[in-house]
Amino acid sequence: MPNIKKIVFHPAVLIPSLLILFLGAAALTKIFIWPVVKKYQAQILREEAAALLEQGNYSNAFIEIRKALFKDSQDLESYKIGLAAAENSQEHYHYIPSFLQELMKMEPENPDHFYKFILFALRTQSLDMARDAFSKYPVSKKQSERYHQIGYSLGLGTKDLELADFHLEKLLKMRPDDDKLLYTLSSLRLRVSKDEDKISDAKEALTNLAAAESSRLPALRVLLAHSLVEQDAEKIVEYIEEFGEIGSLGTRDRLLILQAQKTIDPENFREHIDQFLDQEIQDPLEVTVALDFLIKNELLDRASSWAESLSEDVKKQEDVKRKISQIYYLTENWGNLRENILDENWAQHEFGRYLLLALTSKIQSDPLAFRKYWQQCLIEIGSNRKYLKSLFQTTASWGWEKESIEVLEKSFHEEPTDDEIFNVLANHFMSIGETSRALEILGRRVEYVPDDLSSKNNFALLSILTDKNHTTAFTYARENFESDNENPYFVTTWAFALQKLDRLQEAAKMIEWLPEVERNDPRRAVYMAKIFFELGNHDRAREFLERVAETPLFAEEKNLLMSMQKTLQQADK
């Protein structure tokens, strides 16, 4: 009879059994016990975060709630605490949209999350995200004032003015006695509507509002501005007279009247301007608005002389000083411009100040100062794509070719997937024969846009030409050829690669596959010649070399060309 005890406790039986028991216990722990432990840990962290939030310690509250969400990623209350913390913590502010997106999924009938998300998306110009969230707004809440308010905001933010009009009209039906809504809708329709009935209704509504003391001034502004657009001289005169009945007008209203007077009495416009400027204006904002009006009306001489007549206290104000700098720029008063902006701080537009300092340095023939200020301009502008685009347009318009390329390079490194920037930059370096710079651009491009076969081809060709990036270059050349063996550019690059690998017969065969018109293309002649030159077929090599005489070449292509020509000339002797 077998000894059961010996069998059970034999290592060959005991160890596997213990291992199975251990794994089973671990699995049961993971399935039944560990989730409970994690939920308990999440609850402790959530309570700590809530306490920190209550104390106003938003940053640490957010850190703790993030830990809680790692333990329990489906807890609704944690997301709400995290959102509240992020809304009040600058360093965690960028988490707001992701938290709101989770809350919209978890509470699809709660309009608060959608409302906040759409407003945030509009502020950050994430317009597609705003539209998508609006399309998913809770159906049960689509008859609410809040829904139409956010719809109006979305219409304005996306420049969909029909959408803005639609929701504003809905709001007005809900609040028919709200004069502010009536004014806003009527103003919008006068500016953008093509519907004559809507325009007529808007004019009537604004005329009625202009009859009431509380809404008279804003309604008259819109009516006068619209009459200027329509060039309705009779209405312009009528509204100017109505403005004259109002005792005290602000600078903006007086400038609107000046613009109207220019329309109906252009011969005496400068006289009207002089009368306006004779009135003392001390408020910096109003001074800035007045100077801007003079500049836009091409009265730079009056803007310049009036700016000089301002008190020193007013001229020292930041906005006024900046507007005066604009006048110096427009009148090409470079010395005063430099002096005026030298010690200023333009905050988020500091790059513009350094750009102008670079400009004055270039005009005043100070190359060291120019490079210093230009480099500082690039540092200050950082990775802001909007400002980089503006900077490129400005430098290009000034004829600063080198600096324009620097801006494009900076833009490209920030966003290598931008087709327009990449094409301009790559074509520039390839056209002037800067192989290393072109390779750098192409390398970054294919890293971020791996399906850009044209860039892969150019990267492979230039790499083989310059004897760099061997493995990657040959891989790209082969893959491109295999993907499209009728593309003459891919065929040429793969043939050139085969030549480099001493597979000359295969390379020549690739060339023969090409249609005659493609074989005779001067852009490929150097590479064709090299293949037949290495094969020892010098006659064919000479045929191709004759076609490259007028073709722009990279320095490496020129060296290759001259080397072959020299050898062939010696062979002829």
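Computed from a prediction, not measured in an experiment: that's the story for all the values here.

Caption draft 1: Fine view of a negative patch on the surface. A contiguous patch of negative charge on the surface is contributed by Asp195, Glu196, Asp197, Asp201 and Glu204. Structurally, the position occupied by Asp195 is in the loop between helix H10 (179-192) and helix H11 (196-210). With relative accessibility at 35%, the residue Asp195 sits in the partly exposed group.

Caption draft 2: Here's a closer look at helix H23 (residues 385-397). End to end, H23 covers 18 Å across 13 residues, agreeing with the expected 18 Å (1.5 Å per residue, within 8%). For H23, the set of buried residues is Tyr387, Leu388, Leu391 and Thr395. Buried positions in H23, seen along its axis, are confined to an arc of 100° and lie on one side of it. Residues of H23 that are exposed and angled more than 90 degrees away from the buried face: Lys386, Lys389 and Ser397. Contacts made by the buried residues of H23 are with helix H21 (350-363), helix H22 (367-381) and helix H24 (401-414). Between the side-chain oxygen of the N-cap and the backbone nitrogen of Lys386 there are 3.1 Å, and the N-cap of H23 in question is Asn384. Directly beyond the C-terminal end of H23, a positive phi value near 80° is found at Gly399.

Caption draft 3: Highlighting unusual backbone geometry. Positive phi, close to 60°, is recorded for Gln125, a residue that is not glycine. Looking at the secondary structure, you find Gln125 in the loop between helix H6 (111-123) and helix H7 (127-135). Phi at Gln231 takes a positive value of approximately 55°, unusual for a residue other than glycine. By the secondary structure assignment, Gln231 is in the loop between helix H12 (216-230) and helix H13 (233-244). Assessed through its relative accessible area of 54%, Gln231 is described here as exposed.

Caption draft 4: Representation of the side chain of Arg444 within the structure. Inspection of the secondary structure puts Arg444 in helix H26 (residues 435-448). In this structure, Arg444 is buried with no salt-bridge partner, the nearest side chain bearing the opposite charge being Glu447 at 4.9 Å. Apart from residues lying up to four places away in sequence, Arg444 is in contact with Phe412, His413 and Pro416.

Caption draft 5: The nonpolar core, seen in detail. Counting residues in hydrophobic clusters, the biggest one holds 53 residues, and the most contacted among them are Leu425, Ile441, Leu462, Leu465, Trp494, Met510 and Met564. No other element matches the eight residues that helix H32 (residues 525-535) contributes to this core. With sequence-adjacent residues up to four places away left out, Leu462 is seen in contact with Thr435, Ala438, Leu439, Leu442 and Phe554.

Caption draft 6: Focus on the packing of aromatic side chains. Tallying each qualifying case throughout the model produces 20 aromatic pairs. Geometrically, the ring pair formed by Phe370 and Trp400 is edge-to-face, given 5.1 Å between the ring centres and 80° between the ring planes. One end of the pair, Phe370, is in helix H22; the other, Trp400, is in the loop between H23 and H24, with 30 residues separating them in the sequence. Clustering of aromatic rings is evident, with ring pairs tying together Tyr329, Trp334, Phe370, Trp374, Trp398 and Trp400. Over the aromatic face of Tyr489 sits the side chain of Arg524, whose NZ or CZ is 4.5 Å from the ring centroid. Between Arg540 and the ring centre of Phe532, over which it is positioned, the NZ or CZ distance is 4.5 Å.

Caption draft 7: Representation of the packing of H7 against helix H8 (residues 145-157) within the structure. Contact pair H7 / H8: the axes reach a minimum separation of 11 Å and the direction vectors enclose 155°. Here H7 lies roughly antiparallel to H8, going by the angle between them. Seen along the crossing, H7 lies across H8 with a hand that is left-handed. Together, Leu127, Ala130, Arg131 and Phe134 of H7 and Tyr147, Ile150, Gly151, Leu154 and Gly157 of H8 make up the contact between the two elements.

Caption draft 8: Representation of the pattern of salt bridges in the model. Going through the model one piece at a time under the given rule, you end up with 43 salt bridges. With a shortest N-O distance of 3.3 Å, Arg437 and Glu434 are connected by a salt bridge. Look at Arg437 and you get partly exposed, because its relative accessible area is 27%. Across the pair Asp521 and Arg524 runs a salt bridge whose closest N-O atoms are separated by 3.4 Å. Summarising the burial analysis for this pair, Asp521 and Arg524 share the class buried.

Calculation rules
- Residues numbered from 1 in each chain as written.
- Predicted model: local features only at pLDDT ≥ 70, side-chain atom pairs only at ≥ 80, totals over all residues.
- Heavy atoms only, no water.
- Patch = residues over 30% accessible without salt bridge, like charges linked within 9 Å, V, L, I, M, F, W, Y side chains within 5 Å.
- Areas by Shrake-Rupley, 256 points an atom, 1.4 Å probe, with all protein chains shown as cover.
- Salt bridge = Lys/Arg side-chain N within 4 Å of Asp/Glu carboxyl O.
- Lys, Arg positive; Asp, Glu negative; His and termini not counted.
- Charge placed at Lys NZ, Arg CZ, Asp CG, Glu CD.
- Helix = DSSP H or I, 4+ residues; strand = E, 2+ residues; numbered from the N terminus.
- Buried < 20%, exposed > 50% of the residue type's maximum accessible area, 1.4 Å probe, protein only.
- Expected span 1.5 Å × (residues − 1).
- Arc of directions from axis to C-beta.
- Contact = heavy atoms within 4.5 Å.
- Polar contact = N/O pair within 3.5 Å; in protein donor to acceptor, adjacent residues only side chain to side chain.
- Core = buried A, V, L, I, M, F, W, Y, C linked by side-chain atoms within 4.5 Å.
- Phe/Tyr/Trp six-rings, centres within 6.5 Å; stacked < 30°, edge-to-face > 60°.
- Lys NZ or Arg CZ within 6 Å of the ring centre and 35° of its normal.
- Axes fitted to C-alpha atoms, helices over the stretch in contact; angles between N-to-C directions.
- Parallel < 35°, antiparallel > 145°, perpendicular 65-115°, else oblique.
- Left-handed = near helix turned anticlockwise from the far one by under 90°.

Interpretation in functional terms is not warranted from these geometric data alone.
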